[in-house]
Amino acid sequence: MPQVPEIDVGELQRRRVQAEPLAILDVREEWERDICRIDTAISLPLNELPANVEKLPKDRPLVVLCHHGMRSLRAAAWLRANGFDNAVNLAGGIDAWARQIDRQMKVY
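Since the model is a prediction, treat every value here as computed from it, not as a measurement. Numbering of residues starts from 1 in every chain and runs along the sequence as written. Residue-level local features of this predicted model are given only where pLDDT is at least 70; pairs of side-chain atoms are given and counted only at 80 or more, and the full residue set underlies all totals for whole chains, interfaces and linings. Heavy atoms from the whole structure form the basis of all side-chain values; hydrogens and water molecules are not counted.

> Could you give me a rundown of the packing of helix H1 (residues 9-17) against helix H5 (residues 93-100), with the residues and numbers involved?
Note on method: axes are straight lines fitted to C-alpha atoms, helices fitted across the in-contact stretch only, with angles between N-to-C directions ranging 0 to 180 degrees. What counts as a helix is a DSSP run of H or I of at least four residues, what counts as a strand is a run of E of at least two, and both are numbered from the N terminus. As a packed pair, H1 and H5 sit with axes 9 Å apart at the nearest point and diverge in direction by 75°. Our classification of the angle between H1 and H5 gives roughly perpendicular. Packed against H1, whose contacting residues are Val-9, Leu-12, Gln-13 and Arg-16, the element H5 presents Gly-93, Ala-96, Trp-97 and Gln-100 at the interface. Just so you know how the angles are binned, under 35 degrees is roughly parallel, over 145 roughly antiparallel, 65 to 115 roughly perpendicular, and the rest oblique. In this description, contact between two residues means that some pair of their heavy atoms is separated by no more than 4.5 Å.

Written as structure tokens, this is what we have:
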């Protein structure tokens, strides 16, 4: 798999607080998003990504997340191979977000 840039949850939080233009893509399944989610994220399960890629923004960084960061790593690699040079993986996924940033968020 090609090298994919990653950011950690602290960096994502810093960018959100500073209102930097970015998009968050959540590639988890609907049942997972029902447990916890980042409200501003675009929800698109990994298996639906190729058919819906045209719906994603190319004009700003695209932070891809999943549960622990493995599916999102694959998704970010696929996106980068398909013209999304702005796609980065969120290291540790929503689990790291819940444990380090939003401690009120449910974990699973």
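> Can you lay out the sheet that holds strand E1 (residues 6-7) for me, pointing to particular residues and giving the numbers?
Note on pairing: DSSP must find at least two bridges between two strands before they are called paired. Strand order in the open sheet formed by five strands is E1-E5-E4-E2-E3, and the pairing between neighbours is parallel. The open sheet has two free edges, formed respectively by E1 and strand E3 (42-43), since each of these has just one partner strand. Relative to strand E4 (residues 62-65), strand E2 (residues 23-26) runs parallel, the two being bridged by four bridges. Looking at the pairing, Asp-26 lines up with Leu-65 of E4.

> So what's going on with the packing of aromatic side chains? Which residues, and what values?
Where two aromatic rings form a pair, the distance of their centres and the angle of their planes describe that pair. The rule is short: rings of Phe, Tyr and Trp, with Trp giving its six-membered ring, pair when the centres are within 6.5 Å, and they are stacked under 30 degrees, edge-to-face over 60, tilted in between. Within the structure shown, the criterion is met by one aromatic pair. For the pair Trp-31 and Tyr-108, a centre-to-centre distance of 5.9 Å together with 70° between the ring planes defines the contact as edge-to-face. Separated by 77 residues along the polypeptide, Trp-31 in helix H2 (residues 30-35) and Tyr-108 in the segment after H5 bring together distant segments of the chain. Buried, partly exposed and exposed residues are distinguished by accessible area as a fraction of the type maximum, computed with a 1.4 Å probe on protein chains only: under 20%, between the cut-offs, and over 50%, respectively. Given a relative accessible area of 53%, Trp-31 falls into the exposed group. Cation over ring: Lys-58 sits above Phe-84, and NZ or CZ is 4.9 Å from the ring centre. When the NZ atom of lysine or the CZ atom of arginine is within 6 Å of a ring's centre and also within 35 degrees of its normal, the charge is said to sit over that ring.

> Go over the pattern of salt bridges with me, naming the residues and quoting the values.
Close approach of charged atoms allows side chains with opposite charge to pair. The salt bridge definition used is simple: a Lys or Arg side-chain nitrogen within 4 Å of an Asp or Glu carboxyl oxygen. Using the criterion set out here, one finds nine salt bridges in the structure. Salt-bridge contacts for Arg-28 lead to Asp-26; the nearest nitrogen and oxygen are separated by 2.8 Å. Note that Arg-71 and Glu-32 form a salt bridge whose closest N and O atoms lie 2.8 Å from each other. In this pair, Arg-71 sits in helix H4 (residues 70-81) while Glu-32 sits in helix H2, placing the two residues 39 residues apart along the sequence. By relative accessible area, Arg-71 is classed as partly exposed at 22%. On the basis of relative accessibility, which here comes to 3%, the residue Glu-32 falls in the buried class. Several salt bridges converge on common partners, so that one network encompasses Glu-11, Arg-14, Arg-15 and Glu-20.

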